[in-house]
Amino acid sequence: MTIKKEDVKYIASLAKLKFDENEIEKFTEQFNEIISYIEKLNELDTSNVEPLAHPFESNNVFRNDELKKSASTEEALKNSPSKTEEFFRVPKVINQP
Amino acid sequence: MRIKIDYKNSPLYSLYILHYTFYILHYTLITSYIRKVKFKIQGLKLLETSKYEAVIGLEVHAQLKTNTKIFCGCSTKFGSSPNSNVCPVCLGHPGSLPVLNKKVVEFTVLMGLATNCRINEKSIFARKNYFYPDLPKNYQISQYEEPICEHGFITIEKKDGSHKKIGITRIHMEEDAGKSIHDFGDYTMIDLNRTGTPLMEIVSEPDLRSSEEAYLYLTKLKQILTYLDICDGNMEEGSLRCDANISIRLKGEKKFGTKVEVKNMNSFRNVEKAIEKEIERQIDLIEDGKQIIQQTLLWNADLEDLFPMRTKEEAHDYRYFPDPDLMPVVVNEDWKIELEKSLPELPDEKRNRFIEEYKLPIYDADILTSSINLADYYEKILRVTNDYKSASNWVMTEVLKIVNEQKIEIKEFKITPENLGELINLINNKIISHKIAKDVFNEMLTSNKSPNEIVKEKNLTQISDSSELEKEIDKILDANPKDVQDYLSGKEKVIGFFVGQIMKATKGKANPQTVNELLKQKLDSKKTFNNV
């Protein structure tokens, strides 16, 4: 599997990142290095091995449906660069019909 | 000097008139021709319409009735002040970790069992990545490749009485996003109270073929959800949401057409209307030789029309991957059996039991079991009286009339089922007539008194005592000798008049059956007397 420059550009756009041509060139190289390193794993026959989603073999970590104290509105909004007294404020995200 | 032009005699004028006449004639002919063609087109369209079938699949999101959110202990209460039920987990702060609410798993498994799904022993959570301000982590925790329930079905009953199985592809658990409020000038305001509210997504197979089927399927889902008491099923408040994928194809065609997603339908009727509208739109497009574009349309309930959704979101590529913050969920056989045992009686079972146990007509059973609360109300009446059919009649007519008029829930209905049962007993024990019972019923709507108290207080007890009634009858007969003669000469219809007079004299308290019997006896005795 080879990563092309277009792939890097697409992935950057999904992550809302912008790079210049030099950076794209560099990342394409790096991406390919990483992929070929990981590809080494394909040498192993894993046809009878269940895919592992997590390094810990544990399951059913639950909490009961019990109320805990929430943060105050003031605390919740504290780190927001744009806000009102009650709301987070963001640029308009919809063009209403 | 004035120059007079005799234009009427000019040859040009004649030509003009001729031309004009032809023009009118021509116009009439053309319009009538156009009308004919138009009519033909419409007729054809009707004909064409029936050669298509719609293919509809629904994605339903149900908010689960837990006290706390799916991955943190914040309250799920609706209507709290903005950004007050939030914590580092649902605010998506770095370093915070989600812990799954056990109740969410239980509720989802219950729904899976109630809809004949396979409960997957192991299921995992996945991250669905996208940037949207009401989703502060920039991913939604959902289930993707290994959902908790799969391959189920429910059965709907159509108007013509036929049954149809609608497949359920999957049911999975996920978190809700926050709320964006757009009408604030150049900004969007974000309230994250709803972020992390547990949702269950129920995805149907594309088995629905009409807006009616979609409506019935959705109604059935709501019925099951409310019977299980895991979601309040209120579309207007958004605790139940529905998106529809709609395409059309020629009947008999196996391939699917291009599908259009319709969103923003906030009532059951609107789901039906929006789907209807979209099917028509697609047929019109195809008939006009145009293409259907894959897109998302929003239903505008005020304008009763569909509009393309225009957001600044780009084409979706969610890059799902297993969420490393959450461990797999394992529902083993023991847990499944335990949950199975806790399943309440489901709508179909209850309906069938009502038909069998209470000997109710299907129609009655359908209405009474349409909501769990109504069914409970009905069965509470039966703790007091064993007149199943009367109880059903009272609920279906008098009770539901008031409930619908006042737009209230049966739970808010003023008359307790116990009191209604008592009222039915008063009729059956001949203490009051059915007519008086309706007055008592109306009185009960405004007071907290029991029917017994009202009957005693207002002295409404039915007069069944013959001697007392005989006195009244004699009075009436004496006062109307002409009508008595009429009866005797064969006009037996006047008996109705006598009954009416007696009911009036006793203020409706006379037992009509006793009155009838006594009247006949008395009048007939006069007959024999006369003949002798």
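Structure shown above.
All values derive from a computational prediction rather than experimental measurement.

### Section: the packing of helix α13 (residues 466-479) of chain B against helix α15 (residues 495-505) of chain B
Residues and elements named next belong to chain B.
Link 1 in the chain: Contact geometry for α13 and α15: axes closest at 10 Å, N-to-C directions at 125°. Viewed along their axes, α13 and α15 adopt a mutual orientation that is oblique. Two packed elements cross with a definite hand, and for α13 against α15 that hand is right-handed. Contact residues: α13 offers Glu472, Ile473, Ile476 and Leu477, while α15 offers Phe498, Gln501, Ile502 and Ala505.
Link 2 in the chain: Residues that form the contact of α13 with α15 fall into these classes: six nonpolar, one polar and one charged.

### Things to note about the pattern of salt bridges
Residues and elements named next belong to chain B.
Link 1 in the chain: According to the stated counting rule, one finds 32 salt bridges over all chains in the structure shown.
Link 2 in the chain: Ionic pairing is found between Asp176 and Arg194, a salt bridge with its closest N-O pair at 3.4 Å. Of this pair, Asp176 sits in the loop between β8 (163-175) and β9 (179-184) while Arg194 sits in the loop between β10 (187-191) and β11 (198-204), and the two are 18 residues apart along the sequence.
Link 3 in the chain: Asp176 gets classed as buried once you look at its relative accessible area, which sits at 3%.
Link 4 in the chain: According to the relative accessible area criterion, Arg194 is partly exposed, its value standing at 23%.
Link 5 in the chain: The closest approach of N and O atoms between Asp317 and Arg319, which form a salt bridge, is 3.2 Å.

### Observations concerning the environment of Ile24(A)
All names here are of chain A.
Link 1 in the chain: Within the secondary structure, Ile24 sits in helix α2 (residues 21-39).
Link 2 in the chain: Overall, Ile24 belongs to the buried group, its relative accessible area being 3%.
Link 3 in the chain: Residues in contact with Ile24, not counting those within four places in the same chain, are Lys5, Val8, Lys9 and Phe19.

### So, the environment of Glu174(B)
All names here are of chain B.
Link 1 in the chain: Within the secondary structure layout, Glu174 lies in strand β8.
Link 2 in the chain: Taking the relative accessible area as the measure of exposure, Glu174 reaches 4% and is therefore buried.
Link 3 in the chain: It is 8.2 Å that separates the C-alpha atoms of Glu174 and Gly196, two residues lying 22 residues apart in sequence.
Link 4 in the chain: A polar side-chain atom of Glu174 sits 3.0 Å from a polar atom in the side chain of His61.
Link 5 in the chain: Here the side chain of Glu174 touches His172 through a polar contact of 2.9 Å, side chain to side chain.

Rules and cut-offs
Residues numbered from 1 in each chain as written. Chains lettered and ligands numbered in written order. Predicted model: local features only at pLDDT ≥ 70, side-chain atom pairs only at ≥ 80, totals over all residues. Heavy atoms only, no water. Axes fitted to C-alpha atoms, helices over the stretch in contact; angles between N-to-C directions. Helix = DSSP H or I, 4+ residues; strand = E, 2+ residues; numbered from the N terminus. Parallel < 35°, antiparallel > 145°, perpendicular 65-115°, else oblique. Left-handed = near helix turned anticlockwise from the far one by under 90°. Contact = heavy atoms within 4.5 Å. Nonpolar A, V, L, I, M, F, W, Y, C, P; charged D, E, K, R; others polar. Salt bridge = Lys/Arg side-chain N within 4 Å of Asp/Glu carboxyl O. Buried < 20%, exposed > 50% of the residue type's maximum accessible area, 1.4 Å probe, protein only. Polar contact = N/O pair within 3.5 Å; in protein donor to acceptor, adjacent residues only side chain to side chain.

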